[in-house]
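Descriptive analysis of the structure
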Amino acid sequence: MSCNSHPVHHFSTGKNMMPSGIVPNAGFMLCSCFSSKLLGFICELVESSQTVQQHMIQNRGFLVISLMLQRASRDHLTTEVLSSFLALTKHLVTCFTPNSELLLKQVSDCVCFGD
């Protein structure tokens with residue numbers, strides 16, 4: 001499914017029907033796949049760049065992500081989103097970098113435990 005879908009008018013009921021996976025949000029539509037794609041991209045950047053890791057630590061990036069996921073519809077919490085967090089956590093545990101410990105703490109505190 002494309003993330004650029006628009007509501008479809010259903011002529012027999014006169015109502016706008018939302019294609020599955022599309023979530024209304026503050027006057028515009030977000031595809032529920034958007035969260036997983038964006039989070040997957042951010043996690044890949046964190047895994048591949050110590051500079052991105054430092055920025056995520058300094059700016060408390062996972063706190064921001066956690067707050068946005070809390071405000072979003074539950075439709076955005078997909079298995080792909082959870083898989084991205086799990087893959088990042090596994091990476092941080094197995095591929096130790098100078099930032100791994102702080103990032104792991106941020107992910108666990110902000111995302112897993114909501115502190």
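As the structure is a prediction and not an experimental result, all values here were calculated from the model. (Residues numbered from 1 in each chain as written. Predicted model: local features only at pLDDT ≥ 70, side-chain atom pairs only at ≥ 80, totals over all residues. Heavy atoms only, no water.)

Observations regarding unusual backbone geometry
Heads up, the rule is: Numbering of helices and strands runs from the N terminus, with a helix taken as a DSSP run of H or I at least four residues long and a strand as a DSSP run of E at least two residues long.
At Arg 60, a position not held by glycine, the phi torsion is positive, near 50°. Its location among the elements puts Arg 60 in the loop between helix H2 (50-58) and helix H3 (61-71).

A short note on the packing of H3 against helix H4 (residues 79-94)
How we decide: Between the N-to-C directions of two axes lies an angle of 0 to 180 degrees, each axis being a line fitted to C-alpha atoms and, for a helix, fitted only over the stretch in contact. Put simply, angles under 35 degrees are roughly parallel, angles over 145 are roughly antiparallel, angles from 65 to 115 are roughly perpendicular, and the rest are oblique. Left-handed describes a crossing whose near helix is turned anticlockwise from the far helix by less than a right angle; the clockwise case is right-handed. Contact criterion: two residues are considered in contact whenever any of their non-hydrogen atoms come within 4.5 Å of each other. Residues are grouped as follows: nonpolar covers Ala, Val, Leu, Ile, Met, Phe, Trp, Tyr, Cys and Pro; charged covers Asp, Glu, Lys and Arg; every other residue, Gly included, is treated as polar.
Taken N-terminus to C-terminus, the directions of H3 and H4 make an angle of 160°; their axes are 14 Å apart at the nearest point. Classified by the interaxial angle, the pair formed by H3 and H4 is roughly antiparallel. For the pair H3 and H4, the sense of crossing is left-handed. Contact residues: H3 offers Phe 62, Ile 65 and Leu 69, while H4 offers Val 81, Phe 85 and Leu 88. Tallied by class, the residues present in the contact of H3 with H4 amount to six nonpolar, no polar and no charged.

Looking at the packing of H4 against helix H5 (residues 100-112)
A pair of packed helices can be characterised by two numbers: the angle between their axes and the separation between those axes. Relative orientation of the contacting elements H4 and H5 amounts to 150°, with a least axis distance of 9 Å. Relative to H5, the element H4 lies roughly antiparallel. The handedness of the crossing between H4 and H5 comes out as left-handed. Taking contact as the criterion, the partners of Phe 85, Leu 88, Thr 89, Leu 92 and Val 93 in H4 are, on H5, Ser 100, Leu 103, Leu 104, Val 107 and Val 111. The residue inventory of the contact of H4 with H5, partitioned by class, reads eight nonpolar, two polar and no charged.

Looking at a nonpolar patch on the surface
Formally: Nonpolar side chains (Val, Leu, Ile, Met, Phe, Trp, Tyr) are joined into patches within 5 Å and like charges within 9 Å, using only residues with over 30% relative accessible area and no salt bridge. Accessible surface area values rest on a Shrake-Rupley calculation with a 1.4 Å probe, where residue burial reflects the displayed protein chains alone. What counts as a salt bridge is simple: a side-chain nitrogen of Lys or Arg found within 4 Å of a carboxyl oxygen of Asp or Glu.
Residues Phe 34, Leu 38, Phe 41 and Leu 45 make up a contiguous nonpolar surface patch of about 370 Å² in total accessible area. By secondary structure assignment, the location of Phe 34 is in helix H1 (residues 32-48).

Details of the confidence of the model for the protein chain
Note the threshold: Per residue, pLDDT captures the predictor's confidence, and it can take any value from 0 to 100.
Model confidence for the protein chain is summarised by a mean pLDDT of 76, while 70% of its residues fall at 70 or above. Across the protein chain, H2 holds the top mean pLDDT of 93, while strand S1 (residues 8-10) sits lowest at 38. Within the model, the stretch residues 1-14 combines pLDDT values under 50 with 23 contacts to residues more than four positions away or in other chains. This stretch, residues 16-28, has a pLDDT under 50; its non-local contacts, to residues over four places away or in other chains, come to 30 contacts.

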